[in-house]
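Secondary and tertiary structure notes
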Amino acid sequence: MKGSVMCRLLFFLGFSLLAGSVSAGEAVVINGANTAWLLTSSTLVLFMTIPGLALFYSGLVRVKNSLSILMQCFAITCLVSILWMVFVYGLAFGNGGNINHLIGGGKVFMGGIKLDSVTSFAKDIPETVYFMFQLTFAIITPALIAGAYAERMKFSAMLWFSALWLILVYAPIAHWVWGGGWLMQRGLLDFAGGTVVHTNAGVAAIVVAMVLGNRRGFPDTSMPPHNMTLTVAGASMLWVGWFGFNAGSALAANGNAGMAMAVTHIAAAAGSLAWMCCEWLRYDKPSVLGIVTGMVAGLGTITPASGYVGPVGALVIGLLAGCVCFFATQFIKRSLKIDDSLDVFPVHGVGGVMGTLLTGVFAAESMGGLGLQTSIGEQVVKQLTGVVATILWCGVVSLIVLLVLDKTLGLRVSSDDETEGLDLTQHNEKGYNL
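Residues numbered from 1 in each chain as written. Predicted model: local features only at pLDDT ≥ 70, side-chain atom pairs only at ≥ 80, totals over all residues. Heavy atoms only, no water.

1. Regarding the overall build of the chain
If you tally the helices and strands in the chain, you get 15 helices and zero strands. For 434 residues, the compact-globule estimate of 2.2 N^0.38 gives 22 Å, and the C-alpha radius of gyration of the chain, at 23 Å, lies within 12% of that figure. Counting only C-alpha atoms, the chain reaches 100 × 50 × 40 Å along its principal axes. The buried share among the 434 residues of the chain stands at 53%. When contacts within the chain are restricted to residue pairs at least 6 apart in sequence, those whose partners lie at least 24 apart make up 78%. Of the roughly 17,900 Å² of accessible surface on the chain, 69% is carried by carbon and sulfur atoms. Positive and negative side-chain charges in the chain, numbering 21 and 21 respectively, have mean positions lying 5 Å apart. (Helix = DSSP H or I, 4+ residues; strand = E, 2+ residues; numbered from the N terminus. Rg over C-alpha atoms; globule rule 2.2 N^0.38 Å. Buried < 20%, exposed > 50% of the residue type's maximum accessible area, 1.4 Å probe, protein only. Contact = heavy atoms within 4.5 Å. Areas by Shrake-Rupley, 256 points an atom, 1.4 Å probe, with all protein chains shown as cover. Lys, Arg positive; Asp, Glu negative; His and termini not counted. Charge placed at Lys NZ, Arg CZ, Asp CG, Glu CD.)

2. Notes on the pattern of salt bridges
For the coordinates displayed, the defined rule picks out six salt bridges. Note that Glu151 is salt-bridged to Arg62, the shortest N-O span being 3.1 Å. In this pair, Glu151 is assigned in the loop between α4 (127–145) and α5 (155–178) and Arg62 in the loop between α2 (32–60) and α3 (66–93), connecting sequence segments 89 residues apart. Here the two residues Glu151 and Arg62 agree in accessibility, since each one is buried. (Salt bridge = Lys/Arg side-chain N within 4 Å of Asp/Glu carboxyl O.)

3. Quick word on α3
Its 28 residues give α3 an end-to-end C-alpha distance of only 36 Å, which falls more than 12% under 40 Å, the value for a rise of 1.5 Å per residue. The sharpest bend along α3 comes to roughly 70°, located at Met85. (Expected span 1.5 Å × (residues − 1). Bend = angle between axes of the 7 residues up to and from the residue.)

4. Re the confidence of the model for the chain
Taken as a whole, the chain shows an average pLDDT of 93; of its residues, 94% reach a score of 70 or greater. Throughout residues 1–26 the model reports pLDDT below 50, and contacts reaching past four residues in sequence, or to other chains, amount to zero contacts. (pLDDT = per-residue confidence, 0-100.)

5. Some points on the packing of aromatic side chains
On inspection of all chains with the given rule, the structure shows 19 aromatic pairs. With 6.3 Å between their ring centres and 70° between their planes, Trp84 and Phe93 make a pair best called edge-to-face. Residue Phe93 is classed as buried on the basis of its relative accessible area of 5%. (Phe/Tyr/Trp six-rings, centres within 6.5 Å; stacked < 30°, edge-to-face > 60°.)

6. Structural notes on the packing of helix α12 (residues 344–362) against helix α13 (residues 376–408)
Running from N to C, α12 and α13 point in directions that differ by 160°, and their axes come no closer than 7 Å. By the angle between their directions, the pair α12 and α13 is classed as roughly antiparallel. Along this stretch, α12 crosses α13, giving a crossing that reads as right-handed. Between α12, through Val353, Thr356, Leu357, Thr359, Gly360 and Val361, and α13, the contact on the second element is made entirely by Ile376, Gln379, Val380, Gln383, Leu384, Val387 and Ile391. When its residues are assigned to classes, the contact of α12 with α13 shows eight nonpolar, five polar and no charged. (Axes fitted to C-alpha atoms, helices over the stretch in contact; angles between N-to-C directions. Parallel < 35°, antiparallel > 145°, perpendicular 65-115°, else oblique. Left-handed = near helix turned anticlockwise from the far one by under 90°. Nonpolar A, V, L, I, M, F, W, Y, C, P; charged D, E, K, R; others polar.)

7. Concerning the nonpolar core
Counting 104 residues, the largest nonpolar core has Trp84, Tyr149 and Tyr170 as its most contacted members. Of the residues forming this core, the biggest block, 15 residues, is contributed by α5. When residues no more than four places from it in sequence are discounted, the contact partners of Tyr149 are Gln72, Ile76, Pro142, Met158, Phe161, Ser162, Val208 and Leu212. Residues Ala314, Ala321, Met354 and Phe362 belong to the second largest nonpolar core, which totals eleven residues. (Core = buried A, V, L, I, M, F, W, Y, C linked by side-chain atoms within 4.5 Å.)

8. Observations regarding the packing of α5 against helix α7 (residues 194–212)
It is at 10 Å that the axes of α5 and α7 come closest, and there the two elements cross at 145°. Regarding α5 and α7, the two cross each other, and that crossing is right-handed. Between α5 and α7, the contacting residues are Trp165, Val169, Tyr170, Ile173, Ala174, Val177 and Trp178 on the first element and Thr195, Val196, Val197, Asn200, Ala201 and Ala204 on the second. Grouping the amino acids of the contact of α5 with α7 by side-chain chemistry returns eleven nonpolar, two polar and no charged.

9. Some points on unusual backbone geometry
The amide bond that connects Ile50 to the next residue, Pro51, takes the cis arrangement and shows omega of 15°. Turning to its location among the elements, Pro51 is positioned in helix α2. Cis geometry marks the peptide bond from Phe218 to Pro219; its omega dihedral reads 5°. Structurally, the position occupied by Pro219 is in the loop between α7 and α8 (228–247).

10. Looking at the state of the cysteines
On inspection of all chains with the given rule, the structure shows zero disulfides. A disulfide-free cysteine, Cys78 has its sulfur positioned 11 Å from the sulfur of Cys73, the nearest such atom. Of all cysteine sulfurs in the structure, the one in Cys323 sits closest to Cys278, which takes part in no disulfide; the separation is 3.6 Å. (Disulfide = S-S within 2.5 Å.)

11. Digging into a nonpolar patch on the surface
On the surface, Val63, Tyr432 and Leu434 cluster together into a nonpolar patch covering about 370 Å² of accessible area. Among the structural elements, Leu434 can be located in the segment after α15 (422–427). (Patch = residues over 30% accessible without salt bridge, like charges linked within 9 Å, V, L, I, M, F, W, Y side chains within 5 Å.)

So, in structure tokens, the structure goes:
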């Protein structure tokens, strides 16, 4: 009798363990298609920074600074990659315990991440792939800010600012929105970075531009792009890479990714044409710089909405992006006379804010979107909360970091160095030896 009971107990325990192992196995089954798409998307988003953004920005500055902006984008890529591996990934996507609504923790030096590890954010994709995908977002965001301080910031100050900004600004906001933090819990819709990337970078850009002050000669001296061919090549790379940025944020090879890709393309085209027409009407001629900048505005503005809206919503968002960001650029430079060198705030900041708010409207099923869990009004309030929180945190912390660095390292190169150009004074090299 005792033997029979013991056999039954062992059978029950064995069955339970087997069931548990199958269940656990099912929980970590890797989806090959989804993994392949996210690997591809990670490559595309890295391609957006180097070479895409680097070439786009390099062509827009004067020839004496063309190499410095390439160096800044490349150095930021390297610096962010190491910091992300050491501990910043954990801050953004780790578990912060009792303060997880504010910041994450753990995963130092990628501790605990194995070949078969997955995360709660992407349960059928290896965490190493998710780590890389999110890393590419962390790389491009501080790189975008480089457009605001182009041609006048010390290279050493740029490195310190990028590192501290990543830790103190990017990581907390990424955690709030995507890593299980309080904005995610409140229901903020930000599919691919309207707050985390574009509003964040735009606000930091306008702060750093005001702290540094205008370039020598701005706005009276003409400072045209030195090589529009490079700029158009870089812009084209950004357009292609943005499919990984937005469609990749579906974290799956499915219909959601397909729709995100479609609406991304529609908004880019609409933004380009809208900006071109605004410029044509105001200045009698459409410019190449205008059409590619309109494309970036359309892409940045559709980013938070890309996984939630339909084609019509994308068309409206793209058209508004081209027009609103065009006039924002004119207002910042001509009226306020703030030297945001490569228009980071009016394009990415204004576009990111507008796109995040419009997500709450065009995501509604009645507006052709995929549907909301609440009314349009309630969702717009949630979107506005995310925008305000991002602006306040980014603005205040960015200002503090800049002021501390200015008092310690000094932010700006000397007048003589600025006149000679950063290529020679900061790197002892030239972009062109003709």
